[in-house]
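Results of the structural survey
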Amino acid sequence: MLTVWAILIDGLIYASWLFLVAAGLTVIYGVMRILNMAHGSLYALGAYAAASALGWYYNGVGDQLWIALAIITVCAVAIGALAGLIMERGVLRLMYGRDEVLMLIVTFAMLLILEDVMKLIWGTTPYFAYQPYAAMGRFNIGVLTVSGYQLMVVGVSVAVGLALWFWLERTRVGKILRSIIHDREVSEAMGVNVRRMFTITFMIGAALGAIAGGVTAPIISVVPGVGVEVIVVAFAVVVTGGLGSITGAAIGALIVGLARAVSIHTMPELELFIVYAVMATVLIFRPHGLFGQAVARKI
Amino acid sequence: MGLQKSEIMLVLAAAAITLLSFVIPDWLAFTTTLAIASALVVLGVVLLMRAGLVSFGQGLYYCIGGYAVGMGGRFLGINDALLLIAMGVVVTVALAMLLGLLLTRYREIFFAMLTLAFSMILYGILVKSQNLGSTDGFGVSDWTLLWFDPDGGKGSKTVLWLATAVGLVVALFLNRYFGSAIGLACEAIRENEVRVEYMGMSRRQILYINYVIAAAIGSIGGSLTSLAAGHVDPTMAYWTISGEFVFIALLGGTGHVAASFIAAMIFIMVRTYAVELFPNSWQMILGIVLLLIILFLPKGIWSLFTRRRRVGS
């Protein structure tokens with residue numbers, strides 16, 4: 001019984017982290033049809049920005065928890081949106097209209113560039129920003145102990161999910177974006193400035209990736225390569241749920257998160273394997289993911 | 001059918017490499033071997049690319065080929081290089097025939113991401129395998145080539161001769177294959193697969209054959225790499241390695257089999273120097289070059305040759 005609870009709580013925590021990481025990826029794909037391989041690098045960028053800003057803050061400026069959390073958010077959003085703006089305006093803009101697969105390779109090129117840009121800025125020594133994690137202590141849930149910070153990550157994840165839902169379903173920009181998702185050419189004919197919407201979408205998607213990194217920074221040691229590891233798991237989540245669907249990303253994150261928790265508590269040696277096994281199994285039965293839509297063949 | 005012009009050129013190039021191997025230093029022989037080995041994996045990527053599929057998981061077969069050589073020598077006591085390579089090919093083809101059934105149902109990014117996922121599954125398994133050295137991998141035991149024992153300072157030369165011979169055979173085969181009915185149908189599939197079906201050809205069958213061939217030569221490339229390097233580790237299956245193969249494939253273009261060999265040689269040579277000179281910005285250079293190729297040379301460096309020829313005549 002204890003294991004079941006542990007699996008459920010671990011699975012939920014991991015799933016909410018997965019959703020945070022995957023949300024930006026699926027938003028960008030949904031609107032722009034670009035699978036952004038550099039998403040992991042945006043995550044790493046957010047983590048580096050948050051870690052170095054926290055390092056500066058705790059090194060003599062102050063030690064208020066809420067200010068630290070505000071710093072994480074502001075730094076991550078700022079650097080993510082800025083990087084997104086540069087990537088979209090500087091590179092992707094030149095490539096619109098090419099194959100989806102070619103765009104995949106373009107974003108792979110941006111991943112390679114970003115990885116080294118981060119090495120040039122932050123070097124190769126690890127950054128630590130454990131203070132917020134330590135400051136939030138641990139809580140007892142029944143007989144299990146959970147860290148307060150990780151419970152907060154669950155909250156952040158739910159908040160991000162709700163905000164995205166509200167943005168897409170209840171605001172004017174969201175309505176315009178949905179029209180682009182539905183039919184790009186018709187919305188363009190109706191006077192929608194698709195290019196500007198693409199820029200906005202990419203900046204928001206990039207900022208979401210950076211937030212995920214910023215929030216994770218206090219839990220991990222930030223070293224070169226964290227982004228490259230994250231991206232594959234994020235892909236697995238969005239492909240399982242169905243590319244471009246927010247609900248899909250949430251369900252995909254829950255399935256993958258629980259599967260991984262089951263594996264860690266029962267068969268730890270299969271941990272890396274299980275994420276991809278879940279994805280492959282879903283794709284065998286639903287080739288476009290759980291919430292994906294099949295596209296009609298064109299002749 | 002007589003010998004084509006490009007076939008004669010390929011044989012001459014192989015002969016030239018063999019002759020030059022007697023005068024070049026060991027490090028250059030080693031680099032050339034690595035380039036030929038990578039070019040074989042890249043040819044697999046090119047083979048799929050001609051049919052419109054991008055594989056981000058060719059590292060799966062590259063790794064299996066490498067580990068077949070390592071494990072064959074270590075656990076089965078097989079020491080002959082050709083036998084070890086053949087063993088890798090057998091395992092690879094068996095796996096590719098199974099995975100191919102699933103993968104040929106997918107296109108575009110789904111194909112790319114699924115191939116990536118399968119190579120990462122192998123990576124995950126190898127990292128957790130303590131008796132295979134986990135992330136450190138393990139050394140390849142000494143090997144022989146038929147009756148020849150390559151020890152005594154001649155190891156790097158022997159493996160270069162082997163790579164050249166194998167590379168030549170694969171290049172000649174693929175050169176004919178690209179021009180065959182199936183090879184030509186690949187380009188038609190890339191343009192419009194439904195029309196290909198209307199003409200009475202099975203696109204899945206063609207893609208399946210391509211996938212299995214690509215896997216087999218990827219495995220040969222991995223085996224040659226591990227014979228030359230004398231070491232295997234799980235990063236061979238990591239997805240960024242597969243990304244490098246996609247990079248070389250785009251650099252060379254799909255115009256001709258020789259393009260992959262030239263591109264691989266350029267890649268390996270530049271990497272050798274760039275990693276020493278700019279250890280922290282080598283990937284950045286790679287990324288920028290990749291973007292420039294996509295923008296200005298969408299058919300790869302091979303288009304430079306053909307373009308000049310067309311202007312000349």
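Residues numbered from 1 in each chain as written. Chains lettered and ligands numbered in written order. Predicted model: local features only at pLDDT ≥ 70, side-chain atom pairs only at ≥ 80, totals over all residues.

1. Points about the overall build of chain B
- Across its full length, chain B carries 13 helices and two strands.
- For 313 residues, the compact-globule estimate of 2.2 N^0.38 gives 20 Å, and chain B sits close to it at 19 Å.
- Each principal axis of the C-alpha distribution contributes one length, and for chain B these read about 55 × 45 × 45 Å.
- A total of 313 residues make up chain B; the buried ones form 50% of that total.
- In chain B, once contacts between residues fewer than 6 apart in sequence are set aside, the share between residues at least 24 apart is 81%. (Helix = DSSP H or I, 4+ residues; strand = E, 2+ residues; numbered from the N terminus. Rg over C-alpha atoms; globule rule 2.2 N^0.38 Å. Buried ≥ 20, exposed ≤ 12 C-beta atoms within 10 Å, placed from the backbone. Contact = placed C-beta atoms within 7 Å.)

2. Side note on the overall build of chain A
- Across its full length, chain A holds twelve helices and two strands.
- Overall, chain A shows an N-to-C arrangement of helices and strands of α-α-α-α-α-β-β-α-α-α-α-α-α-α.
- Seen through its principal axes, chain A has C-alpha atoms that stretch 60 × 45 × 35 Å.
- Each of the 299 residues in chain A was classed as buried or not, and the buried ones make up 50%.
- Long-range contacts, defined here as pairs at least 24 residues apart, represent 77% of the contacts in chain A between residues at least 6 apart.

3. Quick look at the confidence of the model for chain B
- On average, chain B scores 82 in pLDDT, and the residues at 70 or more come to 93%.
- Under the prediction, the complex receives an ipTM of 0.82, its pTM being 0.85. (pLDDT = per-residue confidence, 0-100.)

4. Description of the environment of Ser 187 of chain A
Residues and elements named next belong to chain A.
- Structurally, Ser 187 is set in helix H8 (residues 184-189).
- The exposure class of Ser 187 is partly exposed, given the 19 C-beta atoms found within 10 Å.
- Residues contacting Ser 187, with those up to four places away along its chain left out, are Ser 179, Ile 180, Val 192 and Val 194.

5. Focus: helix H7 (residues 181-191) of chain B
All names here are of chain B.
- Among all positions in H7, only Ala 185, Cys 186 and Ile 189 are buried. Down the axis of H7, the smallest arc covering the buried residues is 120°, so these residues share one side. The exposed residues of H7 that point more than 90 degrees off its buried face are Leu 184 and Glu 191.
- Against helix H2 (26-50), helix H8 (193-198) and helix H9 (203-229) lie the buried residues of H7. (Arc of directions from axis to C-beta.)

6. Some details on the interface of chain B and chain A
- Every contact between the two is made by 35 residues of chain B and, on the other side, 35 residues of chain A.
- Listed by contribution, the elements that provide at least two residues to the side of chain B that touches chain A are helix H5 (108-128), H8, helix H10 (239-252) and helix H12 (282-296) of chain B.
- Broken down by element, the residue count for the side of chain B that touches chain A peaks at 13 residues, all from H5 of chain B.
- Across the side of chain B that touches chain A, the residue classes break down as 24 nonpolar, seven polar and four charged. (Nonpolar A, V, L, I, M, F, W, Y, C, P; charged D, E, K, R; others polar.)

7. Topic: the nonpolar core
- Within the largest apolar cluster, 219 residues are counted, with the highest numbers of intra-cluster contacts made by Leu 18, Ala 22, Ala 50 and Ala 236 of chain A.
- Setting aside anything within four residues of it in sequence, one finds Leu 18 of chain A in contact with Val 233, Val 237, Ala 253, Val 256 and Gly 257 of chain A. (Core = buried A, V, L, I, M, F, W, Y, C linked by C-beta atoms within 7 Å.)

8. Considering the pairing of strand S1 (residues 138-141) of chain A
Residues and elements named next belong to chain A.
- Where S1 and strand S2 (residues 144-147) come together, four bridges link them in antiparallel fashion. Residue pairing in the sheet places Phe 139 in a bridge with Val 146 of S2.
- Remark: two residues form the turn of the hairpin made by S1 and S2, two consecutive strands paired antiparallel; Gly 142 in that turn has positive phi of roughly 60°. (Pairing = 2+ DSSP bridges.)

9. A word on the packing of helix H10 (residues 226-241) of chain A against helix H11 (residues 246-266) of chain A
All names here are of chain A.
- At their nearest, the axes of H10 and H11 sit 7 Å apart, and the two run at 115° to each other. When the axes of H10 and H11 are compared, the crossing they make is right-handed. Contact with H10, carried on its side by Ala 236, Val 237, Val 238, Thr 240 and Gly 241, involves Gly 248, Ala 249, Ile 251, Gly 252, Ala 253, Ile 255 and Val 256 of H11 and no other residues of that element.
- Considered class by class, the residues forming the contact of H10 with H11 number eight nonpolar, four polar and no charged. (Axes fitted to C-alpha atoms, helices over the stretch in contact; angles between N-to-C directions. Left-handed = near helix turned anticlockwise from the far one by under 90°.)

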